[in-house]
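Below, each chain spelled out in residue letters.
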Amino acid sequence: MTVVYHEQDSDPRFLVGKKVAVIGYGNMGQPLALNLRDSGVEVLVGTRADGQDQTRQKALQDGFEAYSISDAVKATHIALMTIPDEVMPTVYLEHVAPYLQRNDALVFVSAYNVAFGYIEAPPFVDVGLIAPRTLGDYARKRYLTGKGFYSFVSVGQDASGNCWDIVLALAGALGSLKAGAIEINFEREAELDLFIEQAILPAFQHIMVTAATMLIEQGYPPEAVLADLYLSGEFVDYLERVGEEGLMNAMLDTAPHTQYGLLSRIDRFNELKLERLMEVTLQQIRDGSFAREWAKEYEDGYPRMKRLTKLRQRLEIWELEKQTIELLRRLDSL
Ligand SMILES: NC(=O)c1ccc[n+]([C@@H]2O[C@H](COP(=O)([O-])OP(=O)(O)OC[C@H]3O[C@@H](n4cnc5c(N)ncnc54)[C@H](OP(=O)(O)O)[C@@H]3O)[C@@H](O)[C@H]2O)c1
């Protein structure tokens, strides 16, 4: 049975006297550092000190002490790793691993590098995982509204005997336990995360672009099409209801003709061999071939990603999307 932790499962006293170094101060690092500080945790920020550092100023402006990554690790007991997964192994080897001390905790916000074997911590440190199931700015917004955000939590290595206590105290201070923290192992977290990114997000974008292109070709006004598909927020509202009530109840809450339309047409999508496509995607994630492909792509300077981004950016739909967003924003501000 899967365990879900809530606030009563965490004891903030396990963080007393323990400083946290947030390594990196980007999309995820900034909101998580702010959440920790607002919960009373002593936080400092570690950023690169090689002159390319663009975020140290941001951390200083937010009132944090900012150090080089190695100095931040030396000065603290817990390192929260919030730099991009592909750069993390090198940064870890050069600036983190040499400065770890007995019973320090290394906490990841994505299991990627541990799961695929790119980072192996020494046996004398704790290794934990708190992987938010939301985007960085939403982790902050949901902390501030008191709603909290879901996360996956795990302990990969319990050197101190207190790693779970540290992980849960941190998850509580980050604001995750107000919603819930789901226990899962590192491999499953990494695989699920990649699967959503590679099977659901592309399918969503493909369906939206195909539908928009077809409807516009059929003479529907582009602004109306894009607003109805996703820019008006109606679809987001529907998904929010799905998140609260589940797919079935959200469907039963819609108008009868909506339900009939869904029920009578859903089997048409069986034709798409979706299941096979998803199995292949999952297989490439689980056997590590995607992780190897991505490591090579990073080493080579992202050539394929740059090419694919350019190709995708050429679609005419994005210009229509931009115009529709401007139009809707103008209406919003009236
Ligand atoms: N973004 C999300 O919503 C989200 C959601 C769930 C989990 N995560 C996880 O959060 C972690 C961080 O992702 P992110 O999206 O927050 O990344 P990000 O915004 O791209 O991270 C940027 C930060 O990493 C630093 N950085 C980049 N390259 C570096 C290097 N070579 N050496 C030292 N620092 C470097 C940047 O500093 P500079 O200014 O010096 O470049 C900046 O502080 C990842 O493990 C990711 O899987 C992210």
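Focus: the overall build of the chain
Phase 1 of the analysis: Helix and strand content of the chain: 16 helices and nine strands.
Phase 2 of the analysis: A compact globule built from 334 residues would reach a C-alpha radius of gyration of about 20 Å, and the chain, at 22 Å, matches this within 12%.
Phase 3 of the analysis: If one aligns the C-alpha atoms of the chain with their principal axes, the spans along those axes are about 65 × 50 × 45 Å.
Phase 4 of the analysis: Here the chain holds 334 residues, and 37% of them are scored as buried.
Phase 5 of the analysis: Pairs at least 24 apart in sequence give 67% of the contacts found in the chain among residues at least 6 apart.
Phase 6 of the analysis: Roughly 19,600 Å² of accessible area belongs to the chain as shown, and the carbon and sulfur atoms make up 54% of that amount.

Description of the pattern of salt bridges
Once the charged atoms of two side chains with opposite charge are near each other, the side chains can pair.
Phase 1 of the analysis: Per the counting criterion, the structure on display carries twelve salt bridges.
Phase 2 of the analysis: The partner of Lys74 in a salt bridge is Asp71, and the shortest N-O contact between them spans 3.3 Å. You can see Lys74 and its partner Asp71 sitting in helix H3 (residues 69-74), three residues apart, about one turn around the helix.
Phase 3 of the analysis: For Lys74, a relative accessible area of 44% puts it in the partly exposed group.
Phase 4 of the analysis: For Asp71, a relative accessible area of 36% puts it in the partly exposed group.

Considering a negative patch on the surface
Phase 1 of the analysis: A cluster of acidic side chains, namely Asp228, Glu234, Asp237, Glu240, Glu244, Glu245 and Asp253, defines a negative patch on the protein surface.
Phase 2 of the analysis: In terms of residue count, the dominant contributor to the negative patch is helix H10 (residues 234-245) (five residues).
Phase 3 of the analysis: Within the fold, Asp253 resides in the loop between helix H11 (247-252) and helix H12 (256-265).
Phase 4 of the analysis: Judged by its relative accessible area of 41%, Asp253 is partly exposed.

A look at the domain arrangement of the chain
Phase 1 of the analysis: Assigned domains within the chain: domain 1 (4-184) and domain 2 (189-332).
Phase 2 of the analysis: Between domain 1 and domain 2, the C-alpha centre-to-centre distance is 30 Å.
Phase 3 of the analysis: With 14 residues of domain 1 at the contact, the number on the domain 2 side is 15 residues.
Phase 4 of the analysis: Counting each side, the surface lost to burial between domain 1 and domain 2 is near 1,200 Å², with a carbon and sulfur contribution of 63%.
Phase 5 of the analysis: If you sort the residues of domain 1 by the area they bury against domain 2, Glu86, Tyr112 and Phe116 come out on top, with a joint share of 49%.

Let's talk about the sheet that holds strand E7 (residues 126-132)
Phase 1 of the analysis: Taking strand neighbours across the sheet as the criterion, the nine strands line up as E1-E9-E8-E7-E6-E5-E2-E3-E4 in an open arrangement whose pairing is mixed. Two strands in the sheet have a free side with no partner beyond their single neighbour: strand E1 (4-5) and strand E4 (66-68).
Phase 2 of the analysis: Where E7 and strand E8 (residues 150-157) come together, six bridges link them in antiparallel fashion. By the bridge assignment, Gly128 is partnered in E8 with Val155.
Phase 3 of the analysis: Across the sheet, helix H1 (residues 29-38) is in contact with strand E2 (20-23), strand E3 (43-47) and strand E5 (78-81); its angle to E2 comes to roughly 165°.

What about the site of the ligand?
Phase 1 of the analysis: Around the ligand, 24 residues are found, and the nearest of them are Tyr25, Asn27, Met28, Arg48 and Asp85.
Phase 2 of the analysis: In the model, an oxygen atom of the ligand is placed 2.8 Å from a nitrogen or oxygen of the Tyr25 main chain.
Phase 3 of the analysis: Starting from 900 Å² of accessible surface for the ligand in isolation, the protein chains cover 79%.
Phase 4 of the analysis: Here the residues of the shell around the ligand are counted per class, giving eleven nonpolar, ten polar and three charged.

How each quantity is defined
- Residues numbered from 1 in each chain as written.
- Predicted model: local features only at pLDDT ≥ 70, side-chain atom pairs only at ≥ 80, totals over all residues.
- Heavy atoms only, no water.
- Helix = DSSP H or I, 4+ residues; strand = E, 2+ residues; numbered from the N terminus.
- Rg over C-alpha atoms; globule rule 2.2 N^0.38 Å.
- Buried < 20%, exposed > 50% of the residue type's maximum accessible area, 1.4 Å probe, protein only.
- Contact = heavy atoms within 4.5 Å.
- Areas by Shrake-Rupley, 256 points an atom, 1.4 Å probe, with all protein chains shown as cover.
- Salt bridge = Lys/Arg side-chain N within 4 Å of Asp/Glu carboxyl O.
- Patch = residues over 30% accessible without salt bridge, like charges linked within 9 Å, V, L, I, M, F, W, Y side chains within 5 Å.
- Lys, Arg positive; Asp, Glu negative; His and termini not counted.
- Charge placed at Lys NZ, Arg CZ, Asp CG, Glu CD.
- Domains from an automatic or database assignment.
- Buried area = accessible area lost by both parts, 1.4 Å probe.
- Pairing = 2+ DSSP bridges.
- Axes fitted to C-alpha atoms, helices over the stretch in contact; angles between N-to-C directions.
- Near = heavy atom within 4 Å.
- Polar contact = N/O pair within 3.5 Å; in protein donor to acceptor, adjacent residues only side chain to side chain.
- Nonpolar A, V, L, I, M, F, W, Y, C, P; charged D, E, K, R; others polar.

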